[in-house]
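Here's the letter readout for the chains.
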Amino acid sequence: DGLNALDFGVDNDADKCHFCPKYDIKYPDRLVPVFGANITCWQMQEFYESVDIDKNSQNCALAQKMNFICGCDGTGYAGANTEAKQAVLAWLPRMMAILSIFVCFLVDY
């Protein structure tokens, strides 16, 4: 999946996409690498609040998958919905790499 042409307009306000559905942006100045190199969390939130985009569109789903960067509560970052879970997901591959190198040294010894 990826970006497609934005379809504007919703029939019901309940069908409108919100970048941070709970309006809980913790880091408004962080950059979100979805639509461009210099787009901040605050700009993403303002865009999705000012434009009627359907909440079931691919663009909405992609944006909401990236909203974890801004500290928004949601399912982004592989379903890790707390900072502690996100830290575990970030450090787990690193720890496994270190463990793998250590085991290789043991096998060679």
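Residues numbered from 1 in each chain as written. Predicted model: local features only at pLDDT ≥ 70, side-chain atom pairs only at ≥ 80, totals over all residues. Heavy atoms only, no water.

> How do you make sense of the pattern of salt bridges when you look at a structure like this?
Two side chains with opposite charge may pair up if their charged atoms get near one another. Here the structure, examined in full by the defined rule, presents one salt bridge. Here lysine 16 ties to aspartate 52 by a salt bridge, and the two come within 3.6 Å at their closest N and O atoms. Of this pair, lysine 16 sits in the segment before α1 (41–50) while aspartate 52 sits in the loop between α1 and α2 (58–66), placing them 36 residues apart in sequence. Given the relative accessible area of 14%, lysine 16 is considered buried. (Salt bridge = Lys/Arg side-chain N within 4 Å of Asp/Glu carboxyl O. Helix = DSSP H or I, 4+ residues; strand = E, 2+ residues; numbered from the N terminus. Buried < 20%, exposed > 50% of the residue type's maximum accessible area, 1.4 Å probe, protein only.)

> Just checking my understanding: could you explain helix α3 (residues 83–108) for this structure?
Note that an α-helix has 3.6 residues per turn; residues three or four places apart therefore point the same way. The end-to-end C-alpha separation of α3 is 38 Å, in line with the 38 Å expected for 26 residues at 1.5 Å each. Along α3, the sharpest change in direction is near 30° and occurs at tryptophan 91; proline proline 93 comes one to four residues later. (Expected span 1.5 Å × (residues − 1). Bend = angle between axes of the 7 residues up to and from the residue.)

> So what exactly am I meant to see when it comes to the nonpolar core here?
Most often, soluble globular proteins keep nonpolar side chains buried together rather than apart. Counting 14 residues, the largest nonpolar core has Phe19, Val32, Met44, Tyr48 and Cys70 as the members making the most contacts within it. Put simply, the parts of the chain that give this core at least two residues each are α1 and α2. Top contributing element to this core by residue count: α1, with three residues. (Core = buried A, V, L, I, M, F, W, Y, C linked by side-chain atoms within 4.5 Å.)

> Got a minute to help me understand the confidence of the model for the chain in this structure?
Residues shown with low pLDDT carry predicted positions that ought not to be read at fine detail. Here the chain shows a mean pLDDT of 82. Residues at 70 or above account for 86%. α1 holds the highest mean pLDDT among the elements of the chain, 91, whereas α2 holds the lowest, 85. (pLDDT = per-residue confidence, 0-100.)

> Even after reading the chapter, I still don't get the packing of aromatic side chains, so can you show me in this structure?
Two measures describe an aromatic ring pair: the distance that separates the ring centres and the angle between the ring planes. Counting across every chain of the model gives two aromatic pairs. The interplanar angle of 90° and the centroid separation of 5.3 Å between the aromatic rings of phenylalanine 47 and tyrosine 48 together place this pair among those described as edge-to-face. By relative accessible area, tyrosine 48 is classed as buried at 0%. Feature note: the residues Phe19, Phe47 and Tyr48 constitute an aromatic cluster, connected by ring pairs. Between the NZ or CZ atom of arginine 30 and the centre of the ring of tyrosine 27, over which it lies, the distance is 3.7 Å. The residue whose ring lies beneath arginine 94 is tryptophan 91, and the NZ or CZ to ring-centre distance is 4.5 Å. (Phe/Tyr/Trp six-rings, centres within 6.5 Å; stacked < 30°, edge-to-face > 60°. Lys NZ or Arg CZ within 6 Å of the ring centre and 35° of its normal.)

> How do you make sense of a nonpolar patch on the surface when you look at a structure like this?
Residues Val88, Leu92, Met96, Leu99, Phe102, Val103, Leu106 and Val107 make up a contiguous nonpolar surface patch of about 780 Å² in total accessible area. With respect to the helices, strands and loops of the structure, methionine 96 is situated in helix α3. Here methionine 96 falls in the partly exposed class, since its relative accessible area comes to 49%. (Patch = residues over 30% accessible without salt bridge, like charges linked within 9 Å, V, L, I, M, F, W, Y side chains within 5 Å. Areas by Shrake-Rupley, 256 points an atom, 1.4 Å probe, with all protein chains shown as cover.)

> What should I look at first to understand the state of the cysteines in this one?
The term disulfide refers to a covalent linkage connecting the sulfur atoms of a pair of cysteines. The full count for this structure, using the stated rule, is three disulfides. Across the disulfide from cysteine 20 sits cysteine 72; the S-S distance is 1.4 Å. A residue pair is termed long-range when its members are at least 10 positions apart, and cysteine 20 in the segment before α1 and cysteine 72 in the loop between α2 and α3 qualify at 52 residues. Of the two residues, cysteine 20 and cysteine 72, neither departs from the other in class, the shared state being buried. Assigning the bonded cysteines of the chain consecutive numbers by sequence position, one obtains the connectivity 1-4, 2-6, 3-5. (Disulfide = S-S within 2.5 Å.)

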